[in-house]
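Survey of secondary and tertiary structure
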Amino acid sequence: MNAGELTGQARTHVAEVPDPICVLHEHVVRPFLNLRKAALADGFDLSPVSSFREFDRQLNIWNGKFSGERPVLDASGQSIDVGPLSAPERVAAILQWSALPGASRHHWGTDLDLIDRNATPASYRPQLIPEEFAPTGPYARLGEWLDANAARFGFFRPYRGVLSGVRPEPWHYSFAPVAEKARGDLTPEVLRTALASAALLGKEQVLARLDELHARFVAGIDWP
Ligand SMILES: [Zn+2]
């Protein structure tokens, strides 16, 4: 992937998948459909809630939180008022739950947030919170199935809460053969260049600690 693809500013690496509707790296479509087929055979309607995400979408989320237009949550999931916070404090608060634009693995088209549509009524809105994958949650059985089977298809969980700077995300799966190459290619310099020309709120604070943010949120993952 080139710099634009690694940071979600290009979509030359991704393909639109009609069923189930999602957008994936062209080399991830077949592996994902194979994973889904195996899941269906075992009774799970394995569906992506999120797949490829563009830089500009992540930028809108980031800026909305930085400016207080979107809710920002604290470590326990309670909404906090960013008004009194300094710029460095806002950056730290946003990073609790949101990726820095350019640094999301969803830019690569290799990563998906997965649920089981058979597990809930059609009207249920997935929240992607740990409780949904806990033993009493609707997606507990899917989580067990993925733990046992995803690796056979090349998928792994980069955010298990072991080494990664991101809190555990049992719904987030990544296709290792393509994603590991992207992780190596998305250097601090590639990320810095993407952010330098972006209308990012808090840009000065982000660029000042970019090497540390890259180490925590890009380089530092839980290994396949
Ligand atoms: Zn995700």
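A short tour of the structure in this document, coming up.

What counts, and at which threshold
- Residues numbered from 1 in each chain as written.
- Predicted model: local features only at pLDDT ≥ 70, side-chain atom pairs only at ≥ 80, totals over all residues.
- Heavy atoms only, no water.
- Buried < 20%, exposed > 50% of the residue type's maximum accessible area, 1.4 Å probe, protein only.
- Helix = DSSP H or I, 4+ residues; strand = E, 2+ residues; numbered from the N terminus.
- Contact = heavy atoms within 4.5 Å.
- Pairing = 2+ DSSP bridges.
- Axes fitted to C-alpha atoms, helices over the stretch in contact; angles between N-to-C directions.
- Donors = N, O, S within 2.8 Å, 3.2 Å for Na, K, Ca; no water.

Here we come to helix α4 (residues 87-95). Every buried residue belonging to α4 is among Arg90, Val91, Ala93, Ile94 and Leu95, and all of these are buried. Where α4 is buried, its residues meet α3 (55-66), β4 (72-73), β5 (79-80), α9 (203-208) and α10 (210-219).

An order of β3-β6-β8-β7 is seen for the four strands of this open sheet, with the pairing classed as antiparallel. Only two strands of the sheet have a single partner each, and these edge strands are β3 (46-50) and β7 (155-156). Two elements, β3 and strand β6 (residues 111-116), share four bridges in a ladder whose sense is antiparallel. Across the sheet, residue Ser50 finds its bridge partner in β6, namely Asp113. On the sheet, helix α6 (residues 140-149) packs against β3, β6 and β8 (172-175) and is oriented at approximately 135 degrees with respect to β6. Of the strands in this sheet, β6, β7 and β8 are in contact with helix α7 (residues 176-185), which crosses β8 at around 85 degrees.

Our next topic: the coordination of the zinc ion. Only His106 (NE2), Asp113 (OD) and His172 (ND1) from the protein reach the zinc ion as donors, at distances of 2.1 to 2.2 Å. Written as a sequence motif, the donor arrangement for the zinc ion is H-x6-D-x58-H. Of the two residues, His106 sits in the loop between α4 and β6 while His172 sits in strand β8, which places them 66 residues apart along the sequence. What makes His106 buried here is its relative accessible area of 4%.

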